[in-house]
Amino acid sequence: MTPAIQIQQVHKRFGAVQALSGIDLEVAPGEFFGLLGPNGAGKTTLINILAGLTRADSGSVRVMGHDVIADYRESRRALGVVPQELVFDPFFSVRETLRIQSGYFGLKHNDAWIDEVMHHLDLAGKADANMRSLSGGMKRRVLVAQALVHKPPVIVLDEPTAGVDVELRQGLWEFVRGLNRDGHTIVLTTHYLEEAEALCARIAMLKQGRIVALDTTNNLVNRRDGLYLKLRIAGAALPAALAARVRDSHDPVHTLRLRSYAEVEGVLAQVRESGARIEELELLQPDLEDVFVQIMNMEEGGERSGGRSVSCVLSTPASPNR
Amino acid sequence: MSGFGTLLYKELLRFWKVAFQTIAAPVLTTLLYLLIFSHVMQGQAPVYDAVPYSAFLVPGLVMMAVLQNAFANSSSSLIQSKITGNIIFVLLPPLSYWDFFAAYVLASVVRGMVVGVGVLLVSLGFVGLSFEHPLWIIAFAVAGSAILGTLGLIAGIWAEKFDQVAAFQSFLIMPLTFLSGVFYSIHSLPAFWQGLSHFNPFFYMIDGFRYGFFGVSDINPALSLVIAGASLLVLTALTLALLKRGYKLRH
C-alpha cells in the first residue's frame, strides 16, 4: 500500500542552523500520527517541506505517493495543512475565505461541502462575518475548515490547540477523531503531551532535527518502566535516603520514582521509620511526558559522552507546557 | 473556477472592497494635479500645434495614474499577505507559478485601467480631448499597467517590510513617472535631459499613450510599443524565474 506520507533522508539547513538532518519517516494511510519535540526540534520545518512551503536541501518527500516537488499539484491536492500561526485575510468573510480557498484547488460547486464543514466546526452562525471580527478560537476553526475544503486524504495539524481554550480544544479533537474514523490520515504536532497520548496511535519524537524515538504510543509509554508514588506526609520531612527518588517535591507532597511495585513496601517503611505520617498515597503510571523527558535527556547525555548511553539519568522533573 | 481564475477574482475583490482607497482616492489626487497644473501653466505655448496644455496634460496624468495604481496593487497585496502570513493560503494549493504571476499582474492591469478610466471620464468634464487612435491608447495602457504590475510583484516578492515597498515606490517608480514627460514634452528640455529621458522606459509608455489621443508624439509609437513590450518581456522572465525558485516565498 502506498504510504500516506513517505519521507526519505531529508536534510535542511537554514544558514548556520541544521534544521533537519536525515529524517526518514513513513505514515500509513488512516494513521493518527504524532510529531513531538521541543521548540526548534524541526517539526514545523518538516511540515513545511511536506506542504511545499519550504524546500528540502536533499532527500525526497511524498504525499500519497506524489513527490512534493515533481508532482506538487497532486501532492498538494492530497494534503490539508492547519498552520501554527493564526493567519487570516482581513478582506473577506468566513464564507468568502472558504469559497476562495476551495477555488484555488479548482473546485466548482463546493458550497454543500463548505456548509457541512462550517456546520461541524460551529462556524455556520459566523459565515458572513468578516474574519477580522472573529475571536482567536473562531479564526482557528476557520483555518481548520480551510484545510478541509478540498477533502484531502492527509491532514496535518501544526500545534492547532496552542492558545486555544479548553472547550474548543475538546471540540476540535472530537472533530479530528471523526475525520480519522472516516479514513483520513492525521499528523499532529502538539506541545500537550497528554493530548498526543490520548489521540495518536504512533509517535515520532524529534530533537535537533533528528528522530530520536519512533514507536506506537503504547510501546513508548511501556518503554518507561517503573512507576511513581505520590505521598502527602506530615510530622517529619522526607528522609534524606529517599532524596534520590524524588521526581518532584511540593512540600508536603512528594512524588517518588520506583522501579517496580516490589519497592512500595520498602519506601513506605523508610518514611514511617523517619517518624513521618503518611496522609495520602497514590500510585501513578508513567505517561508519555515521562518518556518524552527521559528521551530528551538521554540524547543529551549521549551526546556529552560521545556515545549512546542507554541507562538514563532522570534529572529534570519540570513538566513542559502542562 | 480554476485556481488561476480564483486567485484573479480574489485579487480583484480585494481592491474592490476598499475601492474608496484604491480607486476614488487616486482619481481625486490626479484631478488635483490636473486643476493645479493646468491653472499654473495656462497661457503656456501649446506643446504640439493646436493641442492646448491642459489637453496635453490629461493623457499624461491618466497614464501616470494607470502605472502607479498597477504597481500599488500587486506590491501592496503581496507585501500584506507576506507580513500577515496569509500568503500561505495561495502557497498551499496546487497553483503554478504561472497562475500566480498571471493572476497578480492581470489584477494590477484591471486596477490600473479602472483608475485610468475614472480619471479620463472626470477630466472630460473639464478638458476637450480627441481620440485619434484608440487602439494605441489601449495597447499602451495594457502594456504599461502590465509592466508596473510585474514591477510591483517583484517589489512585493523582494520586500520583507512595508517600508521597503514604499522605498521602491518613492525612489524608483515616482522619479521615473514624474520625469517621463507627464507634465511636459521632452523637446522642451535641455539636450542633456532630453537624452537622459530616452533611457527612461516610462517615457515611451507616456509618449505612445499620448500619441493615441493626438496622433503626434516625440517618438514613433511603434518603436515605443516595441520598447515597452521588450521591457515587459524582460521583467516577466525575471519574475517567473523568481517565482519558480520560490525566492523569498518558499524557503
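It should be emphasised that the depicted structure is a prediction, and the values quoted were computed from it without experimental measurement.

## Some remarks on the overall build of chain A
Reasoning step 1: Helices and strands together make up the secondary structure of chain A, namely 10 helices and 14 strands.
Reasoning step 2: Seen along its three principal axes, the alpha-carbon backbone of chain A occupies a region of about 75 × 45 × 35 Å.
Reasoning step 3: In chain A, which comprises 322 residues, the proportion classed as buried is 40%.
Reasoning step 4: A fraction of 68% describes how many contacts in chain A between residues 6 or more apart in sequence connect residues 24 or more apart.

## A closer look at the overall build of chain B
Reasoning step 1: Looking only at helices and strands, chain B features 10 helices and zero strands.
Reasoning step 2: In sequence order, chain B lays out its α and β elements as α-α-α-α-α-α-α-α-α-α.
Reasoning step 3: Here the C-alpha radius of gyration of chain B, 18 Å, is about what a compact globule of 251 residues would show, namely 18 Å.
Reasoning step 4: Referenced to the eigenvectors of the C-alpha coordinate spread, the extents of chain B come out at roughly 60 × 35 × 35 Å.
Reasoning step 5: Burial status across chain B gives 49% buried among its 251 residues.
Reasoning step 6: Counted over contacts in chain B with a minimum sequence separation of 6, partners at least 24 positions apart contribute 83%.

## Quick notes on the interface of chain B and chain A
Reasoning step 1: Counting residues at the interface gives 22 residues for chain B and 24 residues for chain A.
Reasoning step 2: Counting only elements with at least two residues in the side of chain B that touches chain A, the list comes to helix H1 (3-17) and helix H4 (88-91) of chain B.
Reasoning step 3: When residues in the side of chain B that touches chain A are grouped by element, the largest group, six residues, is from H1 of chain B.
Reasoning step 4: A per-class count over the side of chain B that touches chain A returns 10 nonpolar, eight polar and four charged.

## Re the sheet that holds strand S5 (residues 66-67) of chain A
The pairing of strands in a sheet happens through backbone hydrogen bonds and is either parallel or antiparallel.
Residues and elements named next belong to chain A.
Reasoning step 1: Pairing is antiparallel across the open sheet formed by four strands, whose spatial order is S2-S1-S4-S5. Looking at strand neighbours, the two that pair on one side only are strand S2 (17-27) and S5, the edges of this open sheet.
Reasoning step 2: Bridging between strand S4 (residues 58-63) and S5 involves two bridges; their strand directions are antiparallel. Residue pairing in the sheet places Val63 in a bridge with His66 of S5.

## Considering the sheet that holds strand S3 (residues 32-36) of chain A
Residues and elements named next belong to chain A.
Reasoning step 1: The strand order S6-S7-S8-S3-S9-S10 describes an open sheet built from six strands, whose pairing is mixed. Of all the strands in the sheet, the pair left with one neighbour each is strand S6 (79-82) and strand S10 (210-216). On average, each strand axis in the sheet is tilted by 15 degrees relative to the strand beside it, whichever way the strands run.
Reasoning step 2: Bridge count between S3 and strand S9 (residues 202-207): four bridges; the pairing is parallel. Bridged to Leu36 within S9 is Met205.
Reasoning step 3: Along the sheet, helix H6 (residues 166-181) contacts S3, strand S7 (154-158) and strand S8 (185-189); its crossing angle with S8, the most-contacted strand, is approximately 145 degrees.

## Observations concerning helix H1 (residues 43-51) of chain A
Given 3.6 residues per helical turn, the α-helix brings residues three or four places apart onto the same face.
Residue and element names in this part refer to chain A.
Reasoning step 1: With nine of its nine residues buried, H1 lies for the most part within the structure.
Reasoning step 2: Looking only at H1, the buried set comprises Lys43, Thr44, Thr45, Leu46, Ile47, Asn48, Ile49, Leu50 and Ala51.
Reasoning step 3: Downstream of H1 by a residue or two, Gly52 has a phi angle that is positive, lying close to 80 degrees.

## A look at the packing of helix H6 (residues 134-158) of chain B against helix H9 (residues 201-214) of chain B
Residue and element names in this part refer to chain B.
Reasoning step 1: One way to put it is that H6 packs onto H9 with a least axis distance of 7 Å and a crossing angle of 155 degrees. Compared by their axis directions, H6 and H9 come out roughly antiparallel. Here H6 runs over H9; the crossing is left-handed. Across from Pro134, Trp136, Ile137, Phe140, Ala141, Ala143 and Gly144 in H6, the residues of H9 making contact are Met205, Gly208, Phe209, Tyr211, Gly212 and Phe213.

## Focus on the environment of Tyr104 of chain B
Residue and element names in this part refer to chain B.
Reasoning step 1: Topologically, Tyr104 is positioned in helix H5 (residues 97-123).
Reasoning step 2: Expressed as a C-alpha distance, the spacing of Tyr104 and Ala166, which sit 62 residues apart in the sequence, is 19 Å.
Reasoning step 3: For Tyr104, the contacting residues outside a window of four places in its chain are Glu11, Ser74, Leu78, Gly149 and Leu153.

## Focus: the pairing of S7 of chain A
Residues and elements named next belong to chain A.
Reasoning step 1: Across the five residues that make up S7, a large majority, five, are buried.
Reasoning step 2: One ladder, built from four bridges, connects S6 with S7; its direction is parallel. Opposite Val81, over in S7, you have Val156 as the bridge partner.
Reasoning step 3: Taken together, the five bridges between S7 and S8 define a ladder with parallel strand orientation. If you follow Val156 over to S8, its bridge partner there is Val187.

## Here we look at the domain arrangement of chain A
Reasoning step 1: On domain assignment, one finds that chain A holds domain 1 (5-221) and domain 2 (226-284).
Reasoning step 2: The distance between the C-alpha centroids of domain 1 of chain A and domain 2 of chain A comes to 43 Å.

## Considerations on the confidence of the model for chain A
Residue and element names in this part refer to chain A.
Reasoning step 1: Per-chain confidence: chain A averages 85 in pLDDT, with 92% of residues scoring 70 or above.
Reasoning step 2: Helix H3 (residues 94-104) holds the highest mean pLDDT among the elements of chain A, 95, whereas helix H10 (residues 288-305) holds the lowest, 65.
Reasoning step 3: Below a pLDDT of 50 lies the segment residues 301-322, which in the model reaches 22 contacts outside its immediate sequence neighbourhood of four places, other chains included.

## Comments concerning the environment of Ala129 of chain A
Residues and elements named next belong to chain A.
Reasoning step 1: When you line up the elements, Ala129 lands in the loop between helix H4 (111-120) and helix H5 (136-148).
Reasoning step 2: Looking at Ala129, the number of C-beta atoms within 10 Å reads 14, which means it is partly exposed.
Reasoning step 3: In this view, Ala129 contacts Ser93, Val94 and Leu134; residues no more than four positions away in its chain are not counted.

## Here we look at unusual backbone geometry
Reasoning step 1: Look at the link from Asp251 of chain A to Pro252 of chain A: it is a cis peptide, with omega at 5 degrees.
Reasoning step 2: Note that Pro252 of chain A resides in the loop between strand S12 (246-250) and strand S13 (253-258).
Reasoning step 3: Phi is positive for His109 of chain A, which is not a glycine, with a value near 50 degrees.
Reasoning step 4: Here the phi dihedral of Lys248 of chain B falls at roughly 60 degrees; this positive angle occurs in a residue that is not glycine.

## Comments concerning the nonpolar core
Reasoning step 1: In this structure, Leu50, Ala145, Val154 and Val156 of chain A together with Leu61, Leu67 and Met205 of chain B are the most contacted members of the largest nonpolar core, which totals 151 residues.
Reasoning step 2: Among the elements that take part in this core, helix H3 (residues 53-84) of chain B stands out by supplying 16 residues, more than any other.
Reasoning step 3: Those residues in contact with Leu67 of chain B that sit more than four places away from it in its chain are Gly112, Gly144, Ser145, Leu148, Thr177, Phe202 and Met205 of chain B.
Reasoning step 4: In this structure, Leu229, Leu231, Ile233 and Leu238 of chain A belong to the second largest nonpolar core, which totals six residues.

## Side note on the packing of helix H2 (residues 19-40) of chain B against H5 of chain B
A pair of packed helices can be characterised by two numbers: the angle between their axes and the separation between those axes.
Residues and elements named next belong to chain B.
Reasoning step 1: Interhelical geometry of H2 versus H5 gives an angle of 45 degrees and a closest axis separation of 9 Å. Between H2 and H5, the crossing angle belongs to the class labelled oblique. Our pair here, H2 against H5, has a crossing hand that is right-handed. Facing H2, whose interface residues are Thr22, Ile23, Pro26, Val27, Thr30, Leu31 and Leu34, H5 presents Arg111, Val114, Val115, Gly118, Val119, Val122 and Ser123.
Reasoning step 2: Taken together, the residues that form the contact of H2 with H5 break down as nine nonpolar, four polar and one charged.

Cut-offs used in this document
- Residues numbered from 1 in each chain as written.
- Chains lettered and ligands numbered in written order.
- Predicted model: local features only at pLDDT ≥ 70, side-chain atom pairs only at ≥ 80, totals over all residues.
- Helix = DSSP H or I, 4+ residues; strand = E, 2+ residues; numbered from the N terminus.
- Buried ≥ 20, exposed ≤ 12 C-beta atoms within 10 Å, placed from the backbone.
- Contact = placed C-beta atoms within 7 Å.
- Rg over C-alpha atoms; globule rule 2.2 N^0.38 Å.
- Nonpolar A, V, L, I, M, F, W, Y, C, P; charged D, E, K, R; others polar.
- Pairing = 2+ DSSP bridges.
- Axes fitted to C-alpha atoms, helices over the stretch in contact; angles between N-to-C directions.
- Parallel < 35°, antiparallel > 145°, perpendicular 65-115°, else oblique.
- Left-handed = near helix turned anticlockwise from the far one by under 90°.
- Domains from an automatic or database assignment.
- pLDDT = per-residue confidence, 0-100.
- Core = buried A, V, L, I, M, F, W, Y, C linked by C-beta atoms within 7 Å.

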